[in-house]
Amino acid sequence: MKDCIFCKIVRGEIPSYTVYEDDVVKAFLDISQGTPGHTLLIPKKHIANIFDYDEELASEVFARIPKVARAIKNSNPAIKGMNIVNNNGQIAYQSVFHSHFHLVPRYTSHDDFGMTFKDNSNKYTPEKLKEIQQSIIDNMGD
Ligand code: 5GP
Ligand code: ZN
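My aim in this report is to walk through the structure given alongside it, one point at a time.

Analysis parameters
- Residues numbered from 1 in each chain as written.
- Chains lettered and ligands numbered in written order.
- Predicted model: local features only at pLDDT ≥ 70, side-chain atom pairs only at ≥ 80, totals over all residues.
- Heavy atoms only, no water.
- Helix = DSSP H or I, 4+ residues; strand = E, 2+ residues; numbered from the N terminus.
- Buried < 20%, exposed > 50% of the residue type's maximum accessible area, 1.4 Å probe, protein only.
- Contact = heavy atoms within 4.5 Å.
- Near = heavy atom within 4 Å.
- Polar contact = N/O pair within 3.5 Å; in protein donor to acceptor, adjacent residues only side chain to side chain.
- 1 Å grid on protein atoms, 1.4 Å probe; cavity = no way out; pocket = protein on both sides within 12 Å on 5 of 7 lines; lining within 4 Å.
- Sits in = over half its atoms within 2 Å of the grid points.
- Nonpolar A, V, L, I, M, F, W, Y, C, P; charged D, E, K, R; others polar.
- Expected span 1.5 Å × (residues − 1).
- Salt bridge = Lys/Arg side-chain N within 4 Å of Asp/Glu carboxyl O.

## Describing the environment of Met 1
Mapping Met 1 onto the fold places it in the segment before helix H1 (5-11). Overall, Met 1 belongs to the exposed group, its relative accessible area being 59%. Along the primary structure Met 1 and Ala 78 are separated by 77 residues, whereas in three dimensions their C-alpha atoms are 38 Å apart. The contact partners of Met 1, leaving out residues within four places of it in the chain, are Cys 7, Arg 11 and His 46.

The structure is reproduced here in structure tokens:
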């Protein structure tokens with residue numbers, strides 16, 4: 001896509017610190033470096049978000065994540081873990097609308113990455129959970 005910043009990176013029109021590349025994906029350092037080694041893995045094909053993947057592209061892209069994750073982890077003995085984050089839609093903090101997976105190495109519990117969600121389990125009855133479950137199942141498609 002012409003004006004997409006990640007498509008420009010794929011085409012080499014914008015420089016990037018690429019750590020892995022093949023015919024399907026490109027992985028490069030996120031400019032923000034939330035923590036050192038913060039990497040983005042993207043499909044080379046322009047696709048906006050998770051809702052637009054077909055099974056084949058999803059298999060190809062996801063299959064490459066562990067290899068890049070391991071390389072990042074092995075690059076620095078101070079890396080103790082990793083958050084893999086995929087934002088979809090503005091409401092979910094997506095700011096670049098070419099699908100990407102953040103690989104964020106974790107060093108300590110007080111490094112520069114945080115992710116929280118509330119535990120609302122006490123507000124849900126079994127009936128309500130069943131209703132939500134059924135509504136998702138009804139929309140599963142093929
Ligand atoms: P999002 O907020 O959409 O999940 O993540 C977009 C990410 O892209 C951000 O973490 C941001 O730092 C990164 N980013 C935006 N522009 C560029 C760029 O030109 N080069 C690189 N390497 N990263 C970028
Ligand atoms: Zn794009």
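We are not done yet, so read on.
## Concerning the site of ligand 1
In the vicinity of ligand 1 there are 16 residues, among which Leu 29, Asp 30, Asn 87, Ser 95 and His 102 approach most closely. Between ligand 1 and Ser 95 there is a distance of 2.6 Å, counted from an oxygen atom to a backbone nitrogen or oxygen. Here an oxygen atom of ligand 1 sits 2.8 Å away from a polar atom, N or O, in the side chain of His 102. Counting atoms within 2 Å of the grid points, the majority share of ligand 1 lands in the largest pocket. The set of elements that each furnish at least two residues to the shell around ligand 1 consists of H1 and strand E2 (25-29). Per-element tally for the shell around ligand 1: the top contributor is H1, with 3 residues. Broken down by class, the residue content of the shell around ligand 1 amounts to 9 nonpolar, 6 polar and 1 charged.

## Some points on helix H2 (residues 55-74)
With 20 residues, H2 should reach 28 Å at 1.5 Å per residue; the first-to-last C-alpha distance of 30 Å fits that figure. Those residues of H2 not exposed but buried are Leu 57, Ala 58, Val 61, Arg 64, Ile 65, Val 68, Ala 69 and Ile 72. Structurally, H2 contributes buried residues whose contacts are with strand E1 (18-21), E2, strand E3 (39-43), strand E4 (81-85) and strand E5 (101-106).

## Remarks on the pattern of salt bridges
Any two side chains of opposite charge can pair, on the condition that their charged atoms come close. Enumeration over the complete set of coordinates arrives at 7 salt bridges. Salt-bridge contacts for Glu 13 lead to Arg 11; the nearest nitrogen and oxygen are separated by 2.7 Å. Judged by its relative accessible area of 49%, Glu 13 is partly exposed. Measuring nitrogen to oxygen at the nearest pair gives 3.3 Å for the salt bridge that ties Lys 26 to Glu 21. Judged by relative accessible area, which is 7%, Lys 26 ranks as buried. Glu 21 gets classed as partly exposed once you look at its relative accessible area, which sits at 39%. One salt-bridge network, in which partners are shared between bridges, spans Glu 21, Lys 26 and Lys 44.

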